[in-house]
Amino acid sequence: MWQEYAIILVRGIGLGSVYALIAMSFNIVKVSSGILNFAQGNMFVLGGMMAYGFVAFFGQPSLGVWILLIPVAAIVIAVLLTIQGYLTMLPLSYSDDQQSWLITTMAVSIIIGAILLLVQGPNALMVRSIFANIPVFGMRVPAPFLMAIGLALFWYVVLQWFLSKTLTGLAISALWQDPVAGRAAGLKVRRLQLLAFGISGLIVGSAGFVSAPIITLASDSAVAYVLNGFVALVIGGVASNTGALIAGPLVGVAAMLATFKLGGEFQGLVSMLILVTILLIRPEGIFGSTAARRV
Amino acid sequence: MNAKVSTSGDIAAAALAPSGRALPLLDRSARIQLVIGILILVVATIVPSALGQAYWIGIVNLAIIYVVASIFMGLLLVDAGQVSFGHGAVFGAAAYAVGIACGMHGLSFPVGIVFGVLAALVIGVLFALPALRVQWFYLGFVTLSAAMVFPQMLFAFNTLTNGINGISIPLPQLNAPILFGLSALSIMTLVLGIAAIATSAIFPKTLLGRRMRVASASPEAAQSLGISPGRMRFIAFMIASFGTGLAGVLYPPTVGFVSPNAFHLDMSILFFFAVIVGGKGQPLGTIAGVTLLYLLPNVFLAQLIEYRPLVYGTVAFLVMLLMPAGIVGGVVRWLTLRQKPQRMPALQFGHIVDSAQVSLPRPEGNAIEIKDVRKAFGSVVAINNVTLTVRRGEIHGLVGANGSGKTSLLNVLNGFSASDAGTVKVNGRDVTSLRAREVAKLGVGRTFQTPRIFEQLSAWDNVQIGLDAKLSSNPTLVSEHFVGSLRDILGPLRTESIPHGQRRLLEVIRVILTDADILLLDEPAAGLSPEERLAFAALLRDLRDKLGLTIIFVEHDLDLVARVADRVTVLESGTVIASGDVASVWNDPKVKPLFVSVRHA
C-alpha cells in the first residue's frame, strides 16, 4: 500500500519538476516583457521530439552522445524561441494595443501543433530511455523522472545566480520592477527581452529532451503542459523561481494522485480546481512576494 | 449630420445655440457596419436555400451560429473587459443539453432550448465566480482549463452523455422548408444572427453598456459613480452566456449530432480569434473573423482537413502582425486617420446654471466631519489623526507637499480605503465603514489625479455617464441649455482629440452632472493655462453660489486656492498643521516656511 504512494510521490515529483521547469521558463519571459508565452508548451514538446528524431535517424545514442545532445536541443529551441520572441514583440513597438501577444503566442502554438500533426500524424511518439530503471524504495522508477528533478534543480541554481549576481540578470530583474525606468536608465530593453526568450528556450529545450521518455509527445499534448506549468507558476507566485521549484512538484503529485485514484480524465479537472482555489484564496501565490500587485 | 466631422468654427457656432437635436444612437461607422452585416446574413441565408444547396445551407447556418457565439464572447471581452478562453464550454453545454433532452429523452425542441440556455447560464455563473477575484489572462487560463476539462467530463459521465458515441438528434421537421424555401432552422438562425449583430452595435450605447465599459476601464471611477464593478462583470457573463447558449442550442439540429470531440479547446479559440482577427468592438468584425478562420478554410480545404489548423493559426498570426486592430478595425482606423484632425473648442461655463436663477442662500451645517482619522500603509503613516470639518456650501482647499496625505485623505473620505481609526461623517451620517459606491450614492462625487476619460467611450458618453449616475436626490440645477451645448460640442468629437487639460475639466463636469452635492476634486486645475484657470475659478464659485455645492479640492496652485477657497487646510506628513480662512493660514508661522519651500521646489 505505502509502495503505491511512494511511487506516486516519486513519479509525481519527477513530472512536477517538468512543470516547475516550464513555470521557470514562463517566469523569465514574464519578468522581462510581461508576456506569458503560450507557445512554451509546444516548444517543450519540440525538445522532446528532437530526442525522438535523433533515435529515429541514428539509433539509440551512447551516454556521451546523449549528454552532448542536451545542449544541442536546448540551443535549437532557444533559437526558435528567440525568433518567436522577436516576432511577438514586433507589433508591440508600433501598435498601441499592447495585448497582441496573447493572440500571437497562441497562434504560434497552434502553428507548431499543426505542423507536428502534418509531419507525424495524430498519434503520440514513444522515446525509449537509454538508462535502465532505477530502484527506489524497492521499485523500479524510469530514470528520466529522477533526471527531471535534477534538471529542475540545475536550472533553478543557474537562474538564481544569473538573475541576482550578473549585471545582465540584474538588468532583466529591473525590467520587472519598472520597464520605463529601465529604459530611461539606458538598458537595451528589446535585447534583454530577446535574451530572456532565448534563456526560456534553453530551459524548455533541455527539459523536453531529458524528459522525452516520460511525457506525451503529440501534436495536441502541449496545452496540458502549458496549463500545469501555469498552475505551478500561480501557486508559486509570478516571478518567483523558488515558488515554481516547490509548486511544480506539488502540482505533479496532485496530478499523479488524480490519475491513480480517479482516472486519467479527471487529471485536468484536479489541476483546474487547484488553480481556481489558489486564485480565489491567495491570488499572489503561496510564495509570491508581490502582495500588493493587482491581478 | 452630427456624426460628420465639422470644422471647429461650426462647433463654436453650435456651442452658442444648442441645436436641440438628439445625437444619433449609433455613429456612422456602426450604422454602416450594421446595415452591411444584416445584408450579408440575409443574402447568405437566402441564396443557398433558393438554390436548394444543402451543403451550403448547413455550412452557412453553422457559420452564423459561430458568429453569434463570437459576438457574445466579444461583448464580454470588449464591453466588460473579461477574457474568456473557454467560451466553447458555454456553447457546448447548451448544445449537449439539447442533445440529452431531445436526443436521449425524446423531449421537444422548445423544451431542449430551455434546458440548453439554462446549461449555458450555469457554466456562465461558474466562469463569473473566479472573475470576481481574478482578471485578465489569469481569468483567461481558468476559463481555458475549463474548456479543456469540458470534453473530458463528457467522457467521464458517459452514462449521462453517451460518452464517446455522442448523441444523434434527428429533428427533420426543423430542416424542412416552410417559408420561401427557408427551413425553420434557417429562419431561427438568421433572426438570432441579426439580433446578435444589432446587439453588438447598440449595446455599447445603452446605459448598461456605458456602465460596463466604465467598470472595465476603471473600477475606481465606476465606484465613484455608484457602479458596482463586480455586479457589472456578473451581468456581462450572464448576457454572454445567454446569447452563446441560444447559439449553442441551434448547433445540434444544424449538425444533427453532438459528440465530445466537437467541443474541444479549438472551438473556444475559434470564438476568441474570430473577435480579435475581425476587430474588437466592430459589429462587422466577427463576420469577417468567422469567414476568414472558419468558412474559407472549410470550403477551400474540404479535402485537406489536416491543413486547417495551420491555415487558421497562420492567418491569426499574420493579421496580428499586420493589422493589430483586426481586419475591420484596421479599415475603420485607416478611414479615421484620413479624417481631418479635430480641435476642441474651449468650454464655456457661463451658462452652467440658468442666468435667471438667483444665488442660493448658503446652506447650514457641516458637510463633512473627519475625526481622529488615521491610515497607515505598512509602516508608512499616510494620515495621522486628522480632524477636519468642512461646512456646507464651502470651497475648501487642501494643500501640502507631495506625499503629505492629501489624496489619501480623499480616498478615506469617499471610501476607497478604509481608515484604521477615527470616524468620517458626510452630511451628518457616519460613512466610516461604507464602501466607495455607497458613499457615492450619498451625493459625494470625485475626480482623480489622472483624469478618467475613457477612450472606450465616445466623447459625449464620457460626460453622459455622469448624467446616468444620479448620486443625490437633489433636483438638477444644471441648465438644459448648458447640457445641450455640451452635447453639441462633444457629439462630433473623437475622444482621443480631447486635450489633456480639457479632460480634467470634462471629468469635473461629469461629476457636476451627477447632482452630487459634495465634490472632491484632486488637482483639477493641473495642466490648465492661466486663462483657463481664471475661468475655472469662476466655475468653482458658481458651483458654490448658484448650485450650493460643497467643494473640497486638492491643489498645488496656491494663487488659485487663495482666489477661490473659503477655507484652507494644510497637511504635512499626514498631519494637519493649519486650518482656517485663507488669510490666517497664509500668515501662520508654521505654514510660511513650508510655502516658501513649496514655491521654489
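Source: prediction; values computed, not measured.

### As for the overall build of chain B
Then, in step 1: Per the secondary structure count, chain B includes 25 helices and 14 strands.
Then, in step 2: With respect to the principal axes defined by its C-alpha atoms, chain B has extents near 90 × 55 × 40 Å.
Then, in step 3: Here chain B holds 601 residues, and the buried ones make up 55% of them.
Then, in step 4: Sequence separation of at least 24 residues holds for 74% of the intrachain contacts in chain B that already meet a minimum separation of 6.
Then, in step 5: Within the structure as shown, chain B displays about 24,200 Å² of accessible surface, and the carbon and sulfur contribution to it stands at 61%.
Then, in step 6: Side-chain charges of chain B comprise 46 positive and 36 negative groups, with the mean position of each set lying 4 Å from the other.

### Quick notes on the nonpolar core
Then, in step 1: Membership of the largest hydrophobic core comes to 216 residues, with the highest contact counts inside it found for A:Phe230, B:Tyr66, B:Phe91, B:Phe272 and B:Phe273.
Then, in step 2: Beyond its immediate chain neighbours, meaning those up to four positions away, A:Phe230 contacts A:Phe26, A:Leu36, A:Leu275, B:Phe137, B:Tyr138 and B:Phe141.

### Concerning the interface of chain A and chain B
Then, in step 1: If you look at the interface, chain A gives 44 residues, while chain B gives 39 residues.
Then, in step 2: Carbon and sulfur atoms make up 83% of the surface buried where chain A meets chain B, a total of about 4,000 Å² over both sides.
Then, in step 3: Where chain A touches chain B, the interface holds zero salt bridges.
Then, in step 4: Taken together, the connections running from chain A to chain B amount to zero residue pairs in polar contact (both at pLDDT 80 or more).
Then, in step 5: Looking at the side of chain A that touches chain B element by element, the count peaks at 14 residues for helix α4 (residues 100-120) of chain A.
Then, in step 6: Residue composition of the side of chain A that touches chain B, grouped by class: 35 nonpolar, five polar and four charged.

### Some points on the packing of helix α10 (residues 207-217) of chain B against helix α12 (residues 229-255) of chain B
All names here are of chain B.
Then, in step 1: Two elements in contact, α10 and α12, have axes whose closest approach is 9 Å; the angle formed by their N-to-C orientations is 120 degrees. When the interaxial angle is binned, α10 and α12 end up oblique. The element α10 and its partner α12 pack so that their crossing is left-handed. Contact residues: α10 offers Leu208, Arg211, Met212 and Ala215, while α12 offers Pro229, Met232, Ile235, Ala236 and Ile239.
Then, in step 2: Among the residues making up the contact of α10 with α12, the classes are represented as eight nonpolar, no polar and one charged.

### Some details on helix α14 (residues 285-300) of chain B
All names here are of chain B.
Then, in step 1: Over its 16 residues, α14 runs 21 Å from end to end, which matches the ideal 22 Å to within 8%, given 1.5 Å per residue.
Then, in step 2: Along α14, the largest kink reaches about 40 degrees and is centred on Thr291.
Then, in step 3: Among the structural elements, α2 (28-51), α3 (54-79), α9 (184-202), α13 (265-278), α15 (308-322) and α16 (327-337) are those in contact with the buried residues of α14.

### As for the packing of helix α1 (residues 2-33) of chain A against helix α8 (residues 189-211) of chain A
All names here are of chain A.
Then, in step 1: Axis separation between α1 and α8 bottoms out at 8 Å; the angle between their running directions is 175 degrees. Comparing the axis directions of α1 and α8 gives the class roughly antiparallel. Counting all contacts with α1, which are made through Val18, Leu21, Ile22, Met24, Ser25, Ile28, Val29, Ser32 and Ser33, the residues of α8 involved are Gln193, Ala196, Phe197, Ile199, Ser200, Ile203, Val204, Ala207 and Ser211.
Then, in step 2: Tallied by class, residues from the contact of α1 with α8 come to 12 nonpolar, six polar and no charged.

### Let's talk about the packing of aromatic side chains
All names here are of chain B.
Then, in step 1: Applying the stated criterion to the full structure yields 22 aromatic pairs over all chains.
Then, in step 2: Arranged with centres 5.8 Å apart and planes meeting at 65 degrees, the rings of Tyr66 and Phe271 form a pair that is edge-to-face. Note that Tyr66 is positioned in helix α3 and Phe271 in helix α13, a separation of 205 residues in sequence. Residue Tyr66 shares its accessibility class with Phe271, and that shared class is buried.
Then, in step 3: Arranged with centres 4.7 Å apart and planes meeting at 75 degrees, the rings of Phe85 and Phe272 form a pair that is edge-to-face. Linking Phe85 in the loop between α3 and α4 (87-104) with Phe272 in helix α13, this pair joins segments that are 187 residues apart in sequence.
Then, in step 4: An aromatic cluster is defined as three or more aromatic residues linked by ring pairs; in this entry it consists of Tyr66, Phe91, Tyr96, Phe150, Tyr251, Phe263, Phe271 and Tyr294.

### Structural notes on the sheet that holds strand β5 (residues 366-377) of chain B
Residues and elements named next belong to chain B.
Then, in step 1: The sheet built from four strands is open, its strands ordered β6-β5-β8-β9 with antiparallel pairing. Strand pairing shows two members of the sheet lacking a second neighbour, β6 (380-391) and β9 (429-430), which therefore form its edges.
Then, in step 2: When β5 meets strand β8 (residues 421-426), the two strands line up antiparallel, connected through five bridges. The residue of β8 that forms the bridge with Glu369 is Lys425.

### Topic: the sheet that holds strand β12 (residues 550-554) of chain B
Residue and element names in this part refer to chain B.
Then, in step 1: Pairing is mixed in the open sheet, where six strands are placed in the order β10-β11-β12-β7-β13-β14. The sheet is open, and its two edges are formed by β10 (444-446) and β14 (575-581), each paired on a single side. Strand-to-strand, the axes of this sheet are offset by a mean angle of 15 degrees, without reference to chain direction.
Then, in step 2: Pairing of β10 with strand β11 (residues 518-522) involves three bridges; the strand directions are parallel. Within β11, the residue paired with Val444 across the bridge is Ile518.
Then, in step 3: Taken strand by strand, helix α17 (residues 406-413) contacts β7 (395-399), β10, β11, β12 and β13 (567-572), and its axis lies near 150 degrees from that of β11.

Each value, and the rule that gives it
Residues numbered from 1 in each chain as written. Chains lettered and ligands numbered in written order. Predicted model: local features only at pLDDT ≥ 70, side-chain atom pairs only at ≥ 80, totals over all residues. Heavy atoms only, no water. Helix = DSSP H or I, 4+ residues; strand = E, 2+ residues; numbered from the N terminus. Buried < 20%, exposed > 50% of the residue type's maximum accessible area, 1.4 Å probe, protein only. Contact = heavy atoms within 4.5 Å. Areas by Shrake-Rupley, 256 points an atom, 1.4 Å probe, with all protein chains shown as cover. Lys, Arg positive; Asp, Glu negative; His and termini not counted. Charge placed at Lys NZ, Arg CZ, Asp CG, Glu CD. Core = buried A, V, L, I, M, F, W, Y, C linked by side-chain atoms within 4.5 Å. Buried area = accessible area lost by both parts, 1.4 Å probe. Salt bridge = Lys/Arg side-chain N within 4 Å of Asp/Glu carboxyl O. Polar contact = N/O pair within 3.5 Å; in protein donor to acceptor, adjacent residues only side chain to side chain. Nonpolar A, V, L, I, M, F, W, Y, C, P; charged D, E, K, R; others polar. Axes fitted to C-alpha atoms, helices over the stretch in contact; angles between N-to-C directions. Parallel < 35°, antiparallel > 145°, perpendicular 65-115°, else oblique. Left-handed = near helix turned anticlockwise from the far one by under 90°. Expected span 1.5 Å × (residues − 1). Bend = angle between axes of the 7 residues up to and from the residue. Phe/Tyr/Trp six-rings, centres within 6.5 Å; stacked < 30°, edge-to-face > 60°. Pairing = 2+ DSSP bridges.

Worth remembering: the numbers are spatial, not functional.
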